[in-house]
Structure formats: C-alpha cells, structure tokens
Amino acid sequence: MSEPLSPETIAIIKSTAPALQKHGVEITTRMYERLFVDPEIKALFNEAAQKSGEQPKRLAAAILAFANNVDKLEVIDSAVNNICARHVATHVKPEHYPAVANALLPAIKDVLGEAATDEVLNAWGQAYWFLASLMISREKALYQDAS
Ligand code: HEM
C-alpha cells in the first residue's frame, strides 16, 4: 500500500466534494475525451456503455464516493472490490493507470478552471495514486486467483 494521505490532503479532497457533485459528469466526460485519444485504451471499454453515457456517470459517482469517504475508506470497500473485478474482466493493467491520471487531472482543470488551484490538483494527484495503488494491488490478487 502507498503512504497514507496527509490530513491536509484529506481536508482538500473533502472540500472539493460539492464541486464534484455539481460537475462530476462534465469532468469525467472530458476525461474520457482526453483518454480515448489512445486507441489501445479506448478498445478496453465497452462501446455501448460509452455511447449511453453510463461510463462517465459511473466514474463520476465513484470519484465522489471516494472524495466523501477518503478518511473512512471501509465505507466504499465493497464498491472498490466490484470495480476491481470489472477491471480484471476487461483486462485493465497497472500500466494503464498513468494514462487515466494524465487525463483526469487536466480534465478537472478544464472544467473547474480557477477553482482547480495547484493545491487542489496536487491533492487530487496524491489521492488518485493512493486509490490507484490500492486498486492495483487488489487487481493483482484477482489476476493471480484467476491464473
Ligand atoms: C482510480 C482509478 C479508477 C477508478 C476510480 C475507476 C472506476 C471505474 C468504475 C466505477 C467502473 C464501472 C464499474 C461497473 O461497471 O460497475 C470502471 C470500469 C472500467 N474501468 Fe475503471 N477506474 C479507474 C481506473 C481505470 C483504468 C486505469 C483503466 C484503464 C485504462 C480503467 C478502465 C476501465 C474499464 C475498461 C472498465 C469497464 C468498462 C465497461 O464496462 O465497458 N479504469 N472503472
């Protein structure tokens, strides 16, 4: 597991929850536009879920749940397990995680504009990798179970 998030980072993440509640789907829609420039990554996703707009909604809900519970992750434990199972079913690998970070953080900036200060983006960068590390290790265990 990665280093725990600092109390300062946790406070910043929680303070962004109202903005995520309001603009989450806009942010994740923008994120996928950035992410799908890479055809290899686009191919991992179910096109039906993309076209129906479901995937940006699911990701926005997951990010909001994470922001609201960043100091009590046990609340979202089973939701995280479900996402990891879906990732393993769709062959998501650790090496895909940087591309999502590189699409998500600029998408937050694109949508929130000046509200996405360097402090906010830095906190989200740390929080992303904290969650990503947890998911990568759970997914590793699931891949091992399957093999
Ligand atoms: C911390 C980072 C991530 C979070 C919070 C996240 C969240 C989610 C959520 C909520 C779902 C929907 C699960 C469901 O159907 O119930 C999902 C599915 C999926 N995610 Fe992620 N994800 C992350 C990273 C990634 C990465 C790095 C990739 C690879 C580029 C990826 C690719 C996918 C794919 C392919 C699906 C299945 C989509 C489908 O059903 O067509 N995710 N993810």
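My aim in this report is to walk through the structure given alongside it, one point at a time. Remember, it's a predicted structure, so these values are computed and weren't measured experimentally.

### Considering the packing of aromatic side chains
Here is step 1: Taken as a whole and judged by the stated rule, the model has 5 aromatic pairs.
Here is step 2: Each ring, one from tyrosine 32 and one from phenylalanine 36, has its centre 5.3 Å from the other, and the planes form 40°; the classification is tilted. Exposure class is identical for tyrosine 32 and phenylalanine 36. Each is buried.
Here is step 3: For the ring pair tyrosine 32 and phenylalanine 45, a centre distance of 5.5 Å and an interplane angle of 80° mean the geometry is edge-to-face. With tyrosine 32 in helix H2 (residues 17–35) and phenylalanine 45 in the loop between helix H3 (39–42) and helix H4 (47–51), the pair connects residues that are 13 residues apart, well separated along the chain.
Here is step 4: A residue is classified by how much of its surface remains accessible, and phenylalanine 45, at 25% relative accessible area, is partly exposed.
Here is step 5: Grouping aromatic residues by their ring pairs yields a cluster made of Tyr32, Phe36 and Phe45.

### Let's talk about the nonpolar core
Here is step 1: Membership of the largest hydrophobic core comes to 41 residues, with the highest contact counts inside it found for Ile27, Ile108 and Trp124.
Here is step 2: Contributing elements (two or more residues each) for this core: helix H1 (7–15), H2, helix H5 (54–68), helix H6 (77–89), helix H7 (97–112) and helix H8 (118–146).
Here is step 3: Considering each element in turn, this core owes the most residues, 11 residues, to H8.
Here is step 4: Among all residues touching isoleucine 27, those that are not within four sequence positions of it are Leu20, Leu104, Ala107, Ile108, Val111 and Leu112.

### Some thoughts on H7
Here is step 1: Taking 1.5 Å per residue, 16 residues should reach 22 Å; H7 reaches 22 Å between its end C-alpha atoms and fits that length.
Here is step 2: Every buried residue belonging to H7 is among Tyr97, Ala101, Ala103, Leu104, Ala107, Ile108, Val111 and Leu112, and all of these are buried.
Here is step 3: Contacts from the buried residues of H7 go to H2, H5, H6 and H8.
Here is step 4: Note on H7: the residue one or two positions beyond its end, glycine 113, has a positive phi of about 60°.

### Notes on the site of the ligand
Here is step 1: In the vicinity of the ligand there are 19 residues, among which Phe45, Asn46, Arg86, His87 and Val100 approach most closely.
Here is step 2: Measuring from an oxygen atom of the ligand, one finds a side-chain N or O atom of arginine 58 at 3.4 Å.
Here is step 3: Between the ligand and the protein, one listed contact pairs an oxygen atom with a side-chain N or O atom of arginine 86 at 2.8 Å.
Here is step 4: When contributions to the shell around the ligand are tallied by element, the ones reaching two or more residues are H5, H6, H7 and H8.
Here is step 5: In terms of residue count, the dominant contributor to the shell around the ligand is H5 (4 residues).
Here is step 6: Its residues placed into classes, the shell around the ligand shows 12 nonpolar, 5 polar and 2 charged.

### A short note on the side chain of asparagine 69
Here is step 1: Structurally, asparagine 69 can be placed in the loop between H5 and H6.
Here is step 2: Taking relative accessible area as the criterion, asparagine 69 reaches 12% and is therefore assigned buried.
Here is step 3: Excluding anything up to four places from it in sequence, asparagine 69 contacts Val75 and Ile76.

About the cut-offs
Residues numbered from 1 in each chain as written. Predicted model: local features only at pLDDT ≥ 70, side-chain atom pairs only at ≥ 80, totals over all residues. Heavy atoms only, no water. Phe/Tyr/Trp six-rings, centres within 6.5 Å; stacked < 30°, edge-to-face > 60°. Buried < 20%, exposed > 50% of the residue type's maximum accessible area, 1.4 Å probe, protein only. Helix = DSSP H or I, 4+ residues; strand = E, 2+ residues; numbered from the N terminus. Core = buried A, V, L, I, M, F, W, Y, C linked by side-chain atoms within 4.5 Å. Contact = heavy atoms within 4.5 Å. Expected span 1.5 Å × (residues − 1). Near = heavy atom within 4 Å. Polar contact = N/O pair within 3.5 Å; in protein donor to acceptor, adjacent residues only side chain to side chain. Nonpolar A, V, L, I, M, F, W, Y, C, P; charged D, E, K, R; others polar.

By themselves, these observations are geometric and do not establish any function.
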